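Spelled out, the chains give:
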Amino acid sequence: TRLVRRAHFGIGLPQRKVQARQDIATALAIEPDHPAALVLRARLHFRDGIFSEALADSEAALRRAPRFVEALFQRARALEARGQASAALGAYDEVLAVAPSNHAALLNRGQLLQRSRQYQRALSDFDAALAIDRDDADGWLSRAAVRLALGEPEAAIPDYRAALTLAPHRIDAALGLTQAL
């Protein structure tokens with residue numbers, strides 16, 4: 001619907017945030033189980049730190065549209081934010097089963113695997129994410145950190161340098177490079 005489209009474009013703009021919230025509320029008043037409107041509200045709940053509501057909205061959207069990639073992704077993010085790492089990992093797996101080239105899901109799952117010390121699997125996700133978007137400083141930085149954790153500082157150095165080229169003010173990249181050298 002027009003309201004959902006307008007909310008989708010306004011959700012990331014601070015000056016349109018109030019209007020986006022109103023559009024989502026109106027769309028859900030008209031059609032309470034509209035998957036795209038539920039996902040947009042889930043994103044807002046996530047930004048507001050209300051992860052249980054973000055999870056509830058993404059799950060409601062999935063009941064209506066079980067393979068809706070954005071709903072799957074929002075569910076994974078909410079589970080991760082709630083500290084449910086195992087469930088979040090499974091949810092990211094579901095996202096990637098439907099959309100194998102979803103850059104954000106690859107990066108998020110890789111970071112979750114990295115925190116779980118599953119470095120080889122994390123490295124595979126970061127490799128795949130960087131194959132999709134070579135201009136992502138977070139991807140380079142994450143892969144460098146995994147390589148360092150695997151005891152491969154020589155392999156981490158070019159990744160840290162790539163991250164610094166893309167984001168020269170990232171202190172974490174500069175510190176990582178120093179550590180790898």
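Residues numbered from 1 in each chain as written. Predicted model: local features only at pLDDT ≥ 70, side-chain atom pairs only at ≥ 80, totals over all residues. Heavy atoms only, no water.

Trainee: What's the story with the packing of aromatic side chains in this structure? I'm lost.
Mentor: What describes a pair of aromatic rings is the distance from one ring centre to the other and the angle between the planes of the rings. This model, assessed by the stated rule, comprises two aromatic pairs. In this structure, Arg-77 is placed above the aromatic ring of Phe-46, and the distance from its NZ or CZ to the ring centre is 3.6 Å. (Phe/Tyr/Trp six-rings, centres within 6.5 Å; stacked < 30°, edge-to-face > 60°. Lys NZ or Arg CZ within 6 Å of the ring centre and 35° of its normal.)

Trainee: I keep staring at the environment of Ala-85 and nothing clicks. Help me out?
Mentor: With respect to the secondary-structure elements, Ala-85 resides in helix α6 (residues 85-98). For Ala-85, a relative accessible area of 33% corresponds to the partly exposed category. Remark: the alpha-carbon pair of Ala-85 and Arg-109, spanning 24 residues in sequence, is separated by 9.9 Å. (Helix = DSSP H or I, 4+ residues; strand = E, 2+ residues; numbered from the N terminus. Buried < 20%, exposed > 50% of the residue type's maximum accessible area, 1.4 Å probe, protein only.)

Trainee: I tried to follow the side chain of Arg-109 on my own but got confused; where do I start?
Mentor: Positionally, Arg-109 belongs in helix α7 (residues 103-115). Look past the residues within four positions of Arg-109 in its chain and what remains in contact with it is Leu-89, Tyr-92, Asp-93, Leu-96 and Asp-125. (Contact = heavy atoms within 4.5 Å.)

Trainee: Explain unusual backbone geometry to me, please; I cannot follow it from the model alone.
Mentor: One can expect most non-glycine residues to show negative phi and most peptide bonds to be in trans. Even without being a glycine, Arg-117 presents a positive backbone phi close to 60°. Inspection of the secondary structure assignment puts Arg-117 in the loop between α7 and α8 (119-132). Residue Arg-117 is classed as exposed on the basis of its relative accessible area of 64%.

Trainee: Hey, could you run me through the nonpolar core in this one?
Mentor: Looking at soluble globular proteins, one finds that nonpolar side chains tend to be buried together. Within the largest apolar cluster, 42 residues are counted, with the highest numbers of intra-cluster contacts made by Ile-24, Leu-40, Tyr-92 and Ala-105. Those elements that provide at least two residues to this core are α1 (2-10), α2 (17-30), α3 (35-47), α4 (51-64), α5 (69-81), α6, α7 and α8. When residues in this core are grouped by element, the largest group, seven residues, is from α3. Not counting chain neighbours up to four residues away, the residues in contact with Leu-40 comprise Val-4, Ala-7, His-8, Ile-11 and Ile-24. Counting residues in each nonpolar core, the second largest holds 14 residues, with Ala-156, Ile-157, Leu-164 and Ala-180 among its members. (Core = buried A, V, L, I, M, F, W, Y, C linked by side-chain atoms within 4.5 Å.)

Trainee: Would you explain the packing of α7 against helix α9 (residues 137-149) in this entry?
Mentor: Contact geometry of α7 with α9 gives a least axis separation of 11 Å together with a crossing angle of 25°. When the axes of α7 and α9 are compared, the pair comes out roughly parallel. The interaxial crossing formed by α7 with α9 has left-handed handedness. Packed against α7, whose contacting residues are Leu-107, Gln-111 and Gln-114, the element α9 presents Asp-138, Gly-139, Ser-142, Ala-145 and Val-146 at the interface. Of the residues that constitute the contact of α7 with α9, the class distribution is three nonpolar, four polar and one charged. (Axes fitted to C-alpha atoms, helices over the stretch in contact; angles between N-to-C directions. Parallel < 35°, antiparallel > 145°, perpendicular 65-115°, else oblique. Left-handed = near helix turned anticlockwise from the far one by under 90°. Nonpolar A, V, L, I, M, F, W, Y, C, P; charged D, E, K, R; others polar.)

Trainee: I keep staring at the packing of α3 against α4 and nothing clicks. Help me out?
Mentor: Between two packed helices, what matters for the description is the angle formed by their axes and the separation of those axes. It is at 8 Å that the axes of α3 and α4 come closest, and there the two elements cross at 165°. Of the possible angle classes, the one that applies to α3 and α4 is roughly antiparallel. Relative to α4, the crossing made by α3 is left-handed. Residues Pro-35, Leu-38, Val-39, Arg-41, Ala-42, His-45 and Phe-46 of α3 touch α4, and the partners they reach there are Phe-51, Glu-53, Ala-54, Asp-57, Ser-58, Ala-60, Ala-61 and Arg-64.

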